[in-house]
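Chains, contacts and geometry: an overview
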Amino acid sequence: MPDEIPLETHYDLQLPNDVAVAPDGDRVAFVADEFDEADDERHSTLYVAPADGSREPHRLTRVSEAQSPKWGPQGDRLAFLASRETDYARRQGREDDATDEEEASSDDGTGGDDGDEGPETQVWCFDLSLGGDAEQVTDFDEGVREFDWGPDGDRIVVSARDPTEAEQEYLEQREEGGPIETERLQHKFDGVGFTDTVTTYLFVVDVATGERRRLDDAYGAGSSEPLMGLQPAWGPGERIAYVSVDVNSPDVDADDPDDTLVVDVFTIAPDGSERRTVTVGEQRCSDPVWSPDGDRLAFAAGNPTNWYQPTEVYVAPDDETAIPYSVSASLDRTVARFGAPRWQDDDTIVCPFADQGRTRLVELDPDEDAPTRVFDSQGRDRDLGRFDLAGGTVACTLASPKGGSDVYTVATDDLETGEEEDLTRVSLLNESFLIEYEHPMTERVTFENEDGREVEAIVYLPPGFDREDPDAAPTIAAIHGGPMSYDAPTFYFPHAYWCSRGYVVIRVNYRGSTSYGSEFAETLYGSRGELESDDVIGGVQHLVDRGWADEDRLFVTGFSYGGITTAHIVARTDEFAAAAPEHGIYDFYSTFGTDDNHNWHDWEFGMPWENVETYREISSLTRAGDIDTPLLVTAGGEDWRCPPSQAEQLYVSVKKQDVPARLVIYEDEHHNIGDPSRATHRVEELTDWFRRHDPAIETEDGD
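Residues numbered from 1 in each chain as written. Predicted model: local features only at pLDDT ≥ 70, side-chain atom pairs only at ≥ 80, totals over all residues. Heavy atoms only, no water.

**Details of helix 13 (residues 644–655)**
If you check helix 13, its first and last C-alpha atoms are 16 Å apart, about what 12 residues at 1.5 Å a residue would give, namely 16 Å. Residues of helix 13 that are buried: Pro644, Gln646, Ala647, Leu650 and Val654. With its buried residues spanning 155° around the axis, helix 13 presents them on a single face. Looking at the buried positions of helix 13, the neighbouring elements they touch are helix 9 (561–572), strand 36 (578–582), helix 10 (588–591), strand 37 (631–636) and strand 38 (661–666). (Helix = DSSP H or I, 4+ residues; strand = E, 2+ residues; numbered from the N terminus. Expected span 1.5 Å × (residues − 1). Buried < 20%, exposed > 50% of the residue type's maximum accessible area, 1.4 Å probe, protein only. Arc of directions from axis to C-beta. Contact = heavy atoms within 4.5 Å.)

Have a look at this one:
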């Protein structure tokens, strides 16, 4: 048996999560997440590497955080977002005109009362031609959320909150523990907390001086703004594109833009004049990007009231009279998670799509719907994550169970050939971890569900597992969230950890998953529980029939929508020895208004008081009396996507029936598990729970 992977090796990992290609295509900037065990923090570090892989990546940042790297138009500067202490160059010397009050309120840059929240996120910039540390470019009291370079390199466009005097007074009151006061429909949002009325605007900032101009007509609005931002994109000319809700549109209630999921594309001049509406209030648009000649925009757009339908790539001229058109509809695939279109040249767009249980690149013709799948050298045993394109070079992250997660490049001219030798590995972030321990094998399996429908799953097998003459192994069904998502072979620490301990892990792309076409995804529309449960149970039974899974040692878990499905499964069957629904919703009636998804619940199921039976039917808590599987239930203490009260309801409901149950709440966490110690604690909790209820293992307490 290979060595078990120790839990603490999680702290040794480096995980790339963003890439940016220099304008001439010769260098790649990327951000990697790293983990500090002593301070229990996740850090994001900025690296630069030659695109040809001729030397190891160079670490640019060694303090604080770094995210969203963007190259200046000449390629000599690299800007990024970071929450650093105020640049010394901005603090040195005397400010004779500053009042005592101003000095007292600006000494730590936090705007808070206790001084322990740290500085706000600002734009910083490295001058790579001169060297030295990064310089601070912006100084917004509320920080900067996103930015893009202007074509001349002298200006940037940023999005930033700009409170009025009354709003600032309210914010200060809140910092001092004052009450939450709101009249907004979207009264809270996961990761943000309780919302306020402060408007986010676009600003044009002079890079050299920091002087800024607010674009009064370019502002954020609507229920999607806390999640999506404004996504500014400055073209090669004097036009800036962004996304928001048009409160003046006849399709939007001007008094309540929170009551829509529509998001439109707009353009505006850098002086704040000539705002144009590119789309017409019918879609949920994102990620606008300009063509090299500056005449057209490409962007992603989907149905705001049916997320099961594919998000497609559209093209439109910067003209209010033009009608945007899809250039990917015939593909019947959705733009991939983290995916966004990029112009290769004026005649070609490249974009990542979800396709048959993986993310792959597709070339698009901006003049017609004629997509072409490319980049076959990726293979089907690894998944593509982040992606960028410039100067004839594509950079992306590729992840596989045995190969880890790293940054790769390929020339745009070689995308169609699909040869492995055309692919260059730019980073090798986890070499020692990959060499020291054996890692899972993977196999794609297909099976028929009860309706005779073919379903695909990704199976992770322990090192050395004999597929042809197997010894049946304990098996964990790990269920993806979404449901509009999908699983692909990838590098994920819990998989490696479990497989090194002899577990088989199966991840089923159940009905409702994207990447298999709109009909497969839309099958789930308007329902919860039955279809997904059938598919997951069918996938596990397929492994039992093959002799891979021990039918007495089956376990099931899932996060978010995976947690929802886990609870439905144990309400329908007792074939699993233990289960762990994580951060899920179990009573859709009571979650309405306490989570941040009221618009989604409305468009898929209607209002709860008008559709009581529907809400009861889609809720696993309705069948809590049928659950006798031991449950570990987890939640985030400030999770407003799947509120912790949902976990409490499920926990108490089964506990009252003497079903073995355990509740774990991660205080101050949102709809994720951020701190490294909590991420490792989660894996340990799941593993201990499964071992505790494994009939083949005698635990220390004798269970």
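**Remarks on the sheet that holds strand 25 (residues 359–364)**
One open sheet accounts for four strands, arranged 23-24-25-26; its pairing is antiparallel. The sheet terminates laterally at strand 23 (342–345) and strand 26 (372–373), the two strands that pair on one side only. The sheet contact formed by strand 25 and strand 26 spans two bridges and is antiparallel. Among the inter-strand pairings, glutamate 363 is bridged to a residue of strand 26, identified as threonine 372. (Pairing = 2+ DSSP bridges.)

**Let's talk about the packing of aromatic side chains**
Scanning all chains against the criterion turns up 25 aromatic pairs. Aromatic side chains phenylalanine 433 and phenylalanine 491 sit 6.2 Å apart centroid to centroid with 75° between the ring planes, which places their arrangement in the edge-to-face category. Residue phenylalanine 433 is found in helix 5 (residues 431–436), and its partner phenylalanine 491 is found in the loop between strand 33 (473–479) and helix 6 (493–499); the two are separated by 58 residues along the sequence. In this structure, phenylalanine 433 and phenylalanine 491 share a single accessibility class: buried. An aromatic cluster is defined as three or more aromatic residues linked by ring pairs; in this entry it consists of Trp307, Tyr308, Tyr525, Trp600 and Trp603. The residue whose ring lies beneath arginine 214 is tyrosine 201, and the NZ or CZ to ring-centre distance is 3.9 Å. (Phe/Tyr/Trp six-rings, centres within 6.5 Å; stacked < 30°, edge-to-face > 60°. Lys NZ or Arg CZ within 6 Å of the ring centre and 35° of its normal.)

**Notes on the pairing of strand 35 (residues 549–559)**
Counting buried positions along strand 35 yields eight of 11 residues, so the element is predominantly enclosed. Strand direction decides the pairing type here: strand 33 and strand 35, joined by six bridges, are parallel. Along strand 35, the bridge assignment pairs alanine 478 with threonine 557. Where strand 35 and strand 36 come together, five bridges link them in parallel fashion. Bridged to phenylalanine 555 within strand 36 is alanine 578. Crossover connection from strand 35 via helix 9 to parallel strand 36: handedness right-handed. (Right-handed = clockwise from strand over helix to strand, strands pointing away.)

**Brief notes about the pattern of salt bridges**
Taken as a whole, this structure holds 43 salt bridges when the rule is applied. Ionic pairing is found between glutamate 420 and arginine 382, a salt bridge with its closest N-O pair at 3.1 Å. Separated by 38 residues along the polypeptide, glutamate 420 in the loop between strand 29 (404–411) and strand 30 (424–425) and arginine 382 in the loop between strand 26 and strand 27 (383–390) bring together distant segments of the chain. In this structure, the salt-bridge partner of glutamate 617 is arginine 623, at a minimum N-O distance of 3.9 Å. Looking at arginine 623, the relative accessible area reads 16%, which means it is buried. In this structure, a network of salt bridges that share partners links the residues Arg239, Glu274, Arg276 and Asp318. (Salt bridge = Lys/Arg side-chain N within 4 Å of Asp/Glu carboxyl O.)

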